[in-house]
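# Architecture at a glance
These are the residues of each chain, in order.
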There are 2 protein chains.
Amino acid sequence: MIDSADMPISAQDARRFKSGQRIHDAGAEGPAWRVSSGVVRFHLIDESGSEPLFAGLAVGGEIVGVEALLFGRYSYRATALTDCELSPWPGGATTERDSLLHALTLAEHRAARVVALRSGQAIERIRRLIRLLLPQASAVARAELPPLRDIAEITALTAETVSRTLSGLRRQKVIEPEQPRCGRGHKSCLVALDLLAAA
Amino acid sequence: MIDSADMPISAQDARRFKSGQRIHDAGAEGPAWRVSSGVVRFHLIDESGSEPLFAGLAVGGEIVGVEALLFGRYSYRATALTDCELSPWPGGATTERDSLLHALTLAEHRAARVVALRSGQAIERIRRLIRLLLPQASAVARAELPPLRDIAEITALTAETVSRTLSGLRRQKVIEPEQPRCGRGHKSCLVALDLLAAA
DNA sequence: CGAGCGATTGAACCAGGTCAAACGGGGTGG
DNA sequence: CCACCCCGTTTGACCTGGTTCAATCGCTCG
């Protein structure tokens, strides 16, 4: 009612997270969320105290944290891979049944997506990930890349390999430097899609 | 009514598929299914005519082919990785809402599972896959492995590497030979779990 | 300015890929 | 019944893409 004029439906209590920010932690309580934009990354917290394992990605439209609706607690840690916006789910006006089925359909694609990000040579994996990070569709687009160690974790490569691969892409003018080196605030180079189609 | 005496609830029209058998094809019409036992493998049929790409696995309890409920057609090809049993979904007595939420929760784990199968060294991947193929829980268990090329595809290795790795495991008595070499009917070696815990 | 952290770059190494050959069992046809 | 073929598996030799280890750079923040 109050401020929902130009927002997507039922986004009144949307929450925004900046790249790298924690969304929820494994074992914590909270609602399920619908991703309205951006990319969310999941971690499986290993019981044996070792560091969290990459466990998946969710993109716009998908639901995260459903298990909390059934069991009361999240199973995974979720962090924002890119800046993103989430709203509590289910929410608003959609028919619940269709909403659920749609969510389930999207969830089926999640596995295929991460598989693709770990298939083929380093350069193919990274191109696919960059594509995923770009705002959909548009033939030429820009996006800010996450820290190399995150890219490495998702693609099952090392940060060094990612760096070398990105350098190659930069040399071929597939992506633009724009911030070649980084300091504390993790921001990496921007990307131009152009040639990326040939993945 | 004829043969449903000792079957699980709502499994009247369960269908059994033998390892390697096609369950449904991308673009075909049909119901969604619930996997009651066994492991189902998905393929994404590449539009450009190349061979199908591995796109995920579903295990007991999960729902496959939901997209057909919304769009009328399957998005993936599904084949039986192990002998398995499916029944049309939704079916029977469960509260539909809970059933959907549960399905959605399981779907969230699918991505984590395939990621794990493509993480770490060859031997770890294969151990994880074997674990997945074994009937749950039981400390010592047996299962028949799929053809090496299937294992290779799932773990993002080559059939040669899989063969060498399995030979190693056989040498270490982690798995048992039982059918070391194979002919036309693809049946591979059987497995004993015992040492598999140390994955 | 100095510390800290991520990115970059180089050099050596190795796990796994690639190519090729041989094997073995089941199925098929004679 | 036997010979042959097909196909998945096994094994070897070699090669390479990516990892590992380590040094350096650059930016940001204190």
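What you are looking at is a predicted structure, and each value in this text was computed from that prediction instead of being measured.

### Describing the interface of chain B and chain A
Listed per partner, the contact involves 34 residues of chain B and 35 residues of chain A. Interface area, chain B with chain A, both sides summed: about 3000 Å², of which 66% is carbon and sulfur. The largest share of the area that chain B buries against chain A comes from Leu104, Glu108 and Arg118 of chain B, three residues that together contribute 22% of it. Across the contact surface, chain B and chain A share two salt bridges. Of the charged contacts in the structure, one is a salt bridge between arginine 110 of chain B and glutamate 108 of chain A, with a shortest N-O distance of 3.0 Å. At the junction of chain B and chain A, the tally comes to 12 residue pairs in polar contact (both at pLDDT 80 or more). Listing elements by their share of the side of chain B that touches chain A, those giving two or more residues are strand 5 (53-58), strand 6 (63-64), helix 1 (67-71) and helix 2 (96-116) of chain B. Considering every element that reaches the side of chain B that touches chain A, the biggest residue donor is helix 2 of chain B, with 17 residues. A breakdown of the residues in the side of chain B that touches chain A according to their chemical character gives 20 nonpolar, seven polar and seven charged.

### As for helix 3 (residues 122-133) of chain A
Residues separated by three or four positions in an α-helix point in the same direction, a consequence of the helix having 3.6 residues per turn. Residue and element names in this part refer to chain A. The end-to-end C-alpha distance of helix 3, which contains 12 residues, comes to 17 Å, matching closely the 16 Å that a straight helix rising 1.5 Å per residue would cover. For helix 3, the complete set of buried residues consists of Arg125, Ile126, Arg127, Leu129, Ile130 and Leu133. Buried-residue contacts for helix 3 involve helix 4 (148-155) and helix 5 (159-171).

### A short note on the sheet that holds strand 4 (residues 40-44) of chain A
All names here are of chain A. In spatial order, the strands read 2-7-4-5; together these four strands make up an open sheet with antiparallel pairing. Edge positions in the sheet fall to strand 2 (22-24) and strand 5 (53-58), since each has one partner strand and no second. The sheet shows a mean angle of 30° between the axes of neighbouring strands, direction not considered. Bridge analysis of strand 4 against strand 7 (residues 77-80) gives four bridges, and the strand direction is antiparallel. Among the inter-strand pairings, phenylalanine 42 is bridged to a residue of strand 7, identified as alanine 78. Sitting on the sheet, helix 4 is in contact with strand 4 and strand 5, with an inclination near 65° to strand 4.

### As for the relation of the copies chain B and chain A
Mapping chain B onto chain A calls for a rotation angle of 180° and an axial translation of 0.0 Å; the resulting RMSD is 0.0 Å. What the superposition gives is, in effect, a two-fold axis relating one chain to the other. Considering only C-alpha atoms, the part of chain B nearest the rotation axis is alanine 111 of chain B, at 2.0 Å. The overlap is high: 100% of the interface residues of chain B also sit at the interface in chain A, so the same surface is used on both sides.

### Quick look at the sheet that holds strand 3 (residues 32-37) of chain A
Residues and elements named next belong to chain A. Pairing in this open sheet of four strands is antiparallel, and the strands run 1-8-3-6 from one edge to the other. The sheet is open, and its two borders are formed by strand 1 (15-17) and strand 6 (63-64), each paired with just one other strand. Here strand 3 runs beside strand 6; their pairing, made up of two bridges, is antiparallel. In the sheet register, arginine 34 faces strand 6, and the bridge partner there is isoleucine 63.

### Some thoughts on the pattern of salt bridges
Residue and element names in this part refer to chain B. The final tally for this structure, using the stated rule, is 22 salt bridges over all chains. Note that arginine 22 is salt-bridged to aspartate 25, the shortest N-O span being 2.9 Å. Residue classification places arginine 22 among the partly exposed positions, given a relative accessible area of 40%. Residue classification places aspartate 25 among the partly exposed residues on the basis of a relative accessible area of 24%.

About the criteria used
Residues numbered from 1 in each chain as written. Chains lettered and ligands numbered in written order. Predicted model: local features only at pLDDT ≥ 70, side-chain atom pairs only at ≥ 80, totals over all residues. Heavy atoms only, no water. Contact = heavy atoms within 4.5 Å. Buried area = accessible area lost by both parts, 1.4 Å probe. Salt bridge = Lys/Arg side-chain N within 4 Å of Asp/Glu carboxyl O. Polar contact = N/O pair within 3.5 Å; in protein donor to acceptor, adjacent residues only side chain to side chain. Helix = DSSP H or I, 4+ residues; strand = E, 2+ residues; numbered from the N terminus. Nonpolar A, V, L, I, M, F, W, Y, C, P; charged D, E, K, R; others polar. Expected span 1.5 Å × (residues − 1). Buried < 20%, exposed > 50% of the residue type's maximum accessible area, 1.4 Å probe, protein only. Pairing = 2+ DSSP bridges. Axes fitted to C-alpha atoms, helices over the stretch in contact; angles between N-to-C directions. Least-squares fit on C-alpha atoms with pLDDT ≥ 70 in both.

Worth remembering: the numbers are spatial, not functional.
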